[in-house]
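# Reading the structure
In case you want the letters, here they are:
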Amino acid sequence: MRTLCTLLGAGALATLALLPGQASSHREAPLIAQDPMADNTDLYAFVDPNEPTLVTLIANVIPFQDPDGGPNFYPFDPNVTYEIHVDNNADAVEDITFQWKFTTEVRNPATFLYNTGPVTTIDDPDLNVRQFYSLTRIDGPRRTGRRTLLAGRLPVPPPNIGPRSTPNYGALAGGIQQLPGDMRAFAGQRDEGFYVDLAIFDLLGVGSGEVEDSTAGFNVSALALQVPMRDLTRTGTMPAGPSDPNGIIGVWTTTSRPAVATRSAGKVDYTGELVQISRLGNPLVNEAVIDLARKDVFNAITPTSDGAALDRVLDPEVPKLLNLIYGVQSPPAPRNDLVTIFLTGIPGLNQPQGVVASEQLRLNMGIPPSRQPDPMGVLRGDLAGFPNGRRVGDDVTDIVLQAAAGATPLTPGFNIAPNNQIGDGVGRNDVPYLATFPYLGIPHAGNR
């Protein structure tokens, strides 16, 4: 695939601050960049390839985790409410919410050690700092809907501290929690599975050296669920096939904190109503579409308010930069093709009936998983891939770049070279994905 550097002209010294290439939703807005424990990084939603009556949902948080980052490493924040939302009737309002809340327990506060000996089991007495989580399903609006506690105290595996502390980490952290109703859950550290070359921020440095996966070697924290399809549809039944409108859902993830933080010596007390501070549906939208003036606001609004940013989709900045810097001709504004891809879903693929335009990751659950997944997803005829949901290996950077250049069937006049060859040059992750749930790879170990 042609990389961005092969399209670079001699006069290309211009900023690419909004060009897709930043990690999928890492540090995407000024306020959330100061609050990494609440930062949504990636969202995945796909029909499970091993059990195609299930849907796998994964929300990643806490970006750029250095495996050596002790002694506190990267815990889930007990003061953050983590949520995945599902809209199954296309009205831009959540119908189902899965909500995680965490607690932290310290066995021996008289030591600085995270663990006091090798940790071989999730309840090992040598694990000094432990986390647990509750998982709740909310049917209806998340503030007022019917709440069902799915699990009250599930353990979080420790981070991959290093070979002395967590000598057999794959077995230690591999335990999947079985929930009622054929659900499964996992919450814990994973390899950062989003791959991208971030050299573009060094004055268009892509191509000035070796192409590299800039997120290689980092970890992330994952909230993962397997849910029966019937529990996500508005009718409570399985989709009858790809053309069944009952099978199309929209998904997004949020984090929220209490409104008031009061600091005193050695502690912070949180009080007040929850305030949403991070939101993610499709990858790269806040980074590459929303302007700096509205990035923080976008993180705080619900999909019903997305009309406030519609102008950025209809007349986006990225295609202008592609033309200015690389001479790539893209479709003129208004870009209704991008509205279709990111706000309504694609007709005949994942656009629900009567859809209210809003930024969600839309998945047609009636489309079966691919036997041979193509990381370029729908652009190469793999209808089970992005932007029909998102799998862990989908090359969303290249897909979004090519969509911005108009290289999709929605604008066939621009689905030509070089538009349909643009990419960052990184075609795979540095760590193998798992073949089974939770699919993201084993995290990198500290003290390597």
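Figured I'd write up the structure that's included with this text. Everything quoted here is computed from the prediction, not taken from an experiment.

## A few points about the overall build of the chain
Helix and strand counts for the chain stand at seven helices and twelve strands. Dimensions of the chain, computed from C-alpha atoms along their principal axes, come out at roughly 65 × 50 × 45 Å. Buried residues in the chain amount to 57% of all 448 residues. As displayed, the chain has an accessible area near 17800 Å², and 55% of this comes from carbon and sulfur atoms. Charge separation in the chain, taken as the distance between the mean sites of 32 positive and 47 negative side-chain charges, equals 4 Å.

## Some points on the packing of helix α6 (residues 336-344) against helix α7 (residues 396-404)
Where α6 contacts α7, the two axes come as close as 10 Å, and the packing angle between them is 150°. The angle between the axes of α6 and α7 places the two elements in the roughly antiparallel class. Along its contact with α6, which presents Asp 337, Leu 338, Ile 341 and Phe 342, the element α7 presents Val 400, Ala 403 and Ala 404. Of the residues assigned to the contact of α6 with α7, the class counts are six nonpolar, no polar and one charged.

## Describing the packing of aromatic side chains
Across all of its chains, the model carries seven aromatic pairs by this definition. Aromatic side chains Phe 46 and Tyr 439 sit 5.5 Å apart centroid to centroid with 75° between the ring planes, which places their arrangement in the edge-to-face category. Residue Phe 46 is located in strand β1 (residues 40-47), and its partner Tyr 439 is located in the segment after α7; the two are separated by 393 residues in the primary sequence. Accessibility expressed as a relative area gives 5% for Phe 46, which makes it buried. Each ring, one from Tyr 82 and one from Phe 102, has its centre 5.6 Å from the other, and the planes form 90°; the classification is edge-to-face. Note that Tyr 82 is positioned in strand β3 (residues 81-87) and Phe 102 in strand β4 (residues 96-106), a separation of 20 residues in sequence. Like Phe 102, Tyr 82 is buried. Members of the aromatic cluster, each reached through a chain of ring pairs, are Phe 76, Tyr 82, Phe 102 and Tyr 133.

Each value, and the rule that gives it
- Residues numbered from 1 in each chain as written.
- Predicted model: local features only at pLDDT ≥ 70, side-chain atom pairs only at ≥ 80, totals over all residues.
- Heavy atoms only, no water.
- Helix = DSSP H or I, 4+ residues; strand = E, 2+ residues; numbered from the N terminus.
- Buried < 20%, exposed > 50% of the residue type's maximum accessible area, 1.4 Å probe, protein only.
- Areas by Shrake-Rupley, 256 points an atom, 1.4 Å probe, with all protein chains shown as cover.
- Lys, Arg positive; Asp, Glu negative; His and termini not counted.
- Charge placed at Lys NZ, Arg CZ, Asp CG, Glu CD.
- Axes fitted to C-alpha atoms, helices over the stretch in contact; angles between N-to-C directions.
- Parallel < 35°, antiparallel > 145°, perpendicular 65-115°, else oblique.
- Contact = heavy atoms within 4.5 Å.
- Nonpolar A, V, L, I, M, F, W, Y, C, P; charged D, E, K, R; others polar.
- Phe/Tyr/Trp six-rings, centres within 6.5 Å; stacked < 30°, edge-to-face > 60°.

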